[in-house]
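Structure at a glance
The primary structure of each chain is shown beneath.
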Amino acid sequence: KNVTRVSRDLFNNCHNLQKVVFLGNITEIGSSAFYRCYNLQSIQLPDSLVTLDSGAFIDCRSLSSIIIPRKVSILPYSLFEGCINLTNVTILGNITKIDARVFYDCIKLKKFTYYGMESPKCICKNIFYHDIIVQVDSRYESNKFCEYPVKLISEQSSQLSSSQGDKKKEDL
């Protein structure tokens, strides 16, 4: 319970790792922490998470969906590079910066939902592998997200996200 950080390379090449649920107050996931965890299908990032370091999930080829908690503000270099089955990304808070290669080779990414209100600084123009429409909250300040068109999230989805973010999760 006293662990607050997942160290750099901690689960590097753990090919049998399939699911991760964090208990306690993890605030940081280090660089390449889950590098080449080819069979990682599910990871539940904790609400306490503040920092994701570069390449934390490179080549997690079985990962299909990820929810980025509200306190995370930067998506660093190569964060999800090579996550070839990633189809759904949801960001619950404001992102100030999206670095290069964050979604490089995420060839199946179709749904990108952003609940932040501010437009992030994007280091490169083509953050996605192909054209995509970014779904945003009605409070979002722009009609573009890093040069990509935006579409409003339905009212029901928006309320769902708010209630999920407000719930306190119990440690198991």
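In short, a report on the structure. (Residues numbered from 1 in each chain as written. Predicted model: local features only at pLDDT ≥ 70, side-chain atom pairs only at ≥ 80, totals over all residues. Heavy atoms only, no water.)

Okay, the packing of aromatic side chains next. Taken as a whole and assessed by the stated rule, the structure comprises 12 aromatic pairs. Between F57 and F80 the ring centres are 5.5 Å apart and the planes differ by 10°, which places this aromatic pair in the stacked class. With F57 in the loop between β5 (51–52) and β6 (65–68) and F80 in the loop between β7 (74–75) and β8 (88–91), this pair connects stretches of sequence that are 23 residues apart. As far as burial versus exposure is concerned, F57 and F80 are alike and both buried. An angle of 90° between the planes, with centres 5.7 Å apart, marks the rings of Y114 and Y140 as edge-to-face. Of this pair, Y114 sits in strand β10 (residues 111–114) while Y140 is found in the loop between β12 (134–136) and β13 (144–145), placing the two residues 26 residues apart along the sequence. Owing to a relative accessible area of 8%, Y140 belongs among the buried residues under this scheme. One aromatic cluster is present, built from ring pairs that chain together F11, F34, F57, F80, F103, F112, Y114, F128, Y140, F145 and Y148. Between R101 and the ring centre of Y104, over which it is positioned, the NZ or CZ distance is 4.0 Å. (Phe/Tyr/Trp six-rings, centres within 6.5 Å; stacked < 30°, edge-to-face > 60°. Helix = DSSP H or I, 4+ residues; strand = E, 2+ residues; numbered from the N terminus. Buried < 20%, exposed > 50% of the residue type's maximum accessible area, 1.4 Å probe, protein only. Lys NZ or Arg CZ within 6 Å of the ring centre and 35° of its normal.)

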